[in-house]
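Each chain, written out:
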Amino acid sequence: MLRDWLLGLLYGRSSPRARSHAHGHLPLRAGLHLLLIGIAALAALLTARLVTDTEAAQVSSIPPVPLSGVRAIAPTGESFLRPGVSHGTVESPLRAALATPQVPLRPTNPVAEGETISDSVGRATAAGQDAGYDVRALTDQIDPEEPYVIYEVRGGDTLGEIAETYDTTVDNILLNNAEVVEGDYIPVGQKILVPQGSVHGILYLVGHAETLSGIIDKHLDVTIDDVLNHRPNNLLSGDDIQPGEYILLPNARLKPPPVRSPNGWIITPPPPVSPGRFGLPLASWDFVSDLFGTDRGGGRIHTGIDLALGSQPASSVYAACDGWVSRVEHLTYSYGFYVIVDCGDGWETLYSHFREIIVNWGDSVRKGETILGISGSTGYSTGEHLHFEIRYNGQYLDPANYLNFW
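Below or above, wherever it landed, is the structure these notes cover.

About the cut-offs
Within each chain, residue numbers correspond to sequence positions counted from 1 in written order. Only residues with pLDDT of 70 or above have their local features reported here, since the model is predicted, and side-chain atom pairs are shown and tallied only from 80 upward, although totals for entire chains, interfaces and linings are computed over all residues. Hydrogens are left out, water is left out, and the side-chain values use all remaining heavy atoms of the structure. Each helix corresponds to a stretch of at least 4 residues labelled H or I by DSSP, and each strand to a stretch of at least 2 residues labelled E; elements are numbered beginning at the N terminus. In this description, contact between two residues means that some pair of their heavy atoms is separated by no more than 4.5 Å. Identification of polar contacts relies on pairs of N or O atoms within 3.5 Å, with a donor-acceptor requirement for protein atoms, meaning one able to donate a hydrogen and the other able to accept it, and with residues adjacent in sequence counted only if both atoms are side-chain atoms. Patch membership is restricted to residues that have no salt bridge and whose relative accessible area is over 30%. Joining uses 9 Å for like charges and 5 Å for the nonpolar side chains Val, Leu, Ile, Met, Phe, Trp and Tyr. In this description, accessible areas are obtained by the Shrake-Rupley approach with a 1.4 Å probe, and a residue is regarded as covered only by the protein chains that are shown. A pair is scored as a salt bridge if a Lys or Arg side-chain nitrogen falls within 4 Å of a carboxyl oxygen belonging to Asp or Glu. A simple rule labels every residue: compare its accessible area, found with a 1.4 Å probe on the protein chains alone, to the largest value its type can have, and call it buried under 20%, exposed over 50%, or partly exposed in between. At least two bridges found by DSSP between two strands is the condition for calling them paired. Here a Phe, Tyr or Trp ring, Trp counted by its six-membered ring, pairs with any other such ring whose centre lies within 6.5 Å, and the pair is stacked when the planes are under 30 degrees apart, edge-to-face when over 60, and tilted otherwise.

The next subject is the environment of Thr349. Mapping Thr349 onto the fold places it in strand β16 (residues 347-357). Spatially, the C-alpha atoms of Thr349 and Ile390 are 4.6 Å apart, while their sequence positions differ by 41 residues. When near neighbours in sequence (up to four residues on either side) are disregarded, Thr349 contacts Phe278, Cys321, Val339, Ile340, Val341, Cys343, Phe388, Glu389 and Ile390. A distance of 2.8 Å separates polar atoms of two side chains, one belonging to Thr349 and the other to Tyr351.

Given below as structure tokens:
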């Protein structure tokens, strides 16, 4: 009987005799089940508490790391940084770039305690986040070479000695100091702007609201890329120029002062160079005011093309072909003041309505180089313009078939 009762309690089974009295043992079985559940819950709670205490001890044993790959040395209001031991964190892009073995780097002085990280290093760090950034340019951002020095003349100094000291040339010094004349005495104490390095060029002082493209337009033989690629300028783009700072324009030349005609008219720039026998006679014009072939009545047609110059009067008119001046006329009607150039092989070009003719009969001329005269409105003209013709064996041809006027 006792064996049947125990089997029924533990396995839910009972003997035939015990099953007839099962309803009498339900409260006891329920109590034992509750006791077993309570013991299991207590064991789980104690195990969780032990694991939490162990993990907390492990975490607190790791030293704090303020930044990836560096360690703080002066935790004040500013960040003073020097290279330190990495603790397995992601390495900074600046240090990763500097660690590239293929790129030779110029030696730099270590950051001393008390020094702040420079703006150029900050820009370099940000730039280094771009995977395609030129590491050599990055090193010049970190340790830029100044493109110039302001040298104060001392007793016994010569331009040659100053140039040799700063690895430049006397011509380069003279180019950047209009008040200094080679061979003249230079007063002691005078300050001279000296470009550093062997790159010949003009040091330009950036003015307020100036743009790099505007500065380039004032000079010859230099481009925006030349200025940006000269790394001592420390420029990532044209937007980086600042008023009051010098930038070096490598190999640049000053544009010559405006040339004037014999009567004082300013010579305007030449037209763009074009291939072939003919070139444009003007650098620019307002619009085409009359086409070739326009009906003039009585069986007459317009024998050339008219280029309006109302907004740019007194423009320089250039020879449109290589040749010689075969005719010069100063008339007060029809063509007014006009010039004919013999281009050879039966070709001629005609230019009319000048206010001033510069060339003479028999002069040799070069396409896009020789100035024939200054535009005007002489002869039969209702406003300042250039009437331009191309002829072949005396026959009038449409200039627009040979040159692009639009």
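On the surface, Leu32, Leu35, Leu36 and Ile39 cluster together into a nonpolar patch covering about 390 Å² of accessible area. Examined against the element boundaries, Leu36 turns out to sit in helix α3 (residues 26-60). Residue class for Leu36 comes out exposed when judged on its relative accessible area of 57%.

Turning to the environment of Pro187, a few remarks are in order. The topology assignment puts Pro187 in the loop between α8 (170-175) and β4 (191-195). According to the relative accessible area criterion, Pro187 is partly exposed, its value standing at 35%. Remark: the alpha-carbon pair of Pro187 and Gly155, spanning 32 residues in sequence, is separated by 8.3 Å.

Let us now look at the pattern of salt bridges. Enumeration according to the criterion identifies eight salt bridges in this entry. When the shortest N-O distance is used, the salt bridge between Asp221 and Arg253 registers 2.6 Å. One end of the pair, Asp221, is in the loop between β6 (219-220) and α10 (224-229); the other, Arg253, is in strand β8 (residues 253-254), with 32 residues separating them in the sequence. The partly exposed category is assigned to Arg253, whose relative accessible area is 44%.

Another point: the pairing of strand β12 (residues 305-308). Because side chains alternate across β12, one face comprises the buried residues Ile305 and Leu307, and the other comprises Asp306 and Ala308, equally buried. Sheet analysis places strand β9 (residues 287-290) next to β12, joined by three bridges and oriented antiparallel. By the bridge assignment for β12, Phe287 is matched with Ala308. In terms of strand pairing, β12 meets strand β19 (residues 385-392) through four bridges, oriented antiparallel. Looking at the pairing, Leu307 lines up with Leu386 of β19.

Next up on the list: the packing of aromatic side chains. For the structure on display, the rule yields 11 aromatic pairs. Between Phe278 and Tyr402 the ring centres are 5.8 Å apart and the planes differ by 70 degrees, which places this aromatic pair in the edge-to-face class. Remark: Tyr402 occurs in the segment after β20 (395-397) and Phe278 occurs in the loop between β8 and β9; sequence separation between them is 124 residues. For Phe278, a relative accessible area of 6% translates into the label buried. Pairing Trp285 with Phe405 gives two aromatic rings, centres 6.0 Å apart and planes at 55 degrees, and the pair type is tilted. A residue pair is termed long-range when its members are at least 10 positions apart, and Trp285 in the loop between β8 and β9 and Phe405 in the segment after β20 qualify at 120 residues. Assessed through its relative accessible area of 4%, Phe405 is described here as buried. Members of the aromatic cluster, connected to one another through ring pairs, are Phe278, Trp347, Tyr392 and Tyr402.

To continue, consider the pairing of strand β18 (residues 371-375). Of all the five residues making up β18, five are buried; the element is thus mostly covered by neighbouring parts of the structure. Looking at chain direction, strand β13 (residues 316-318) and β18 are connected through three bridges and run antiparallel. Looking across to β18, one finds that Ser316 is bridged to Ile374. Pairing between β16 and β18: three bridges, direction antiparallel. For Ile357, the partnering residue across the bridge sits in β18 and is Gly373.

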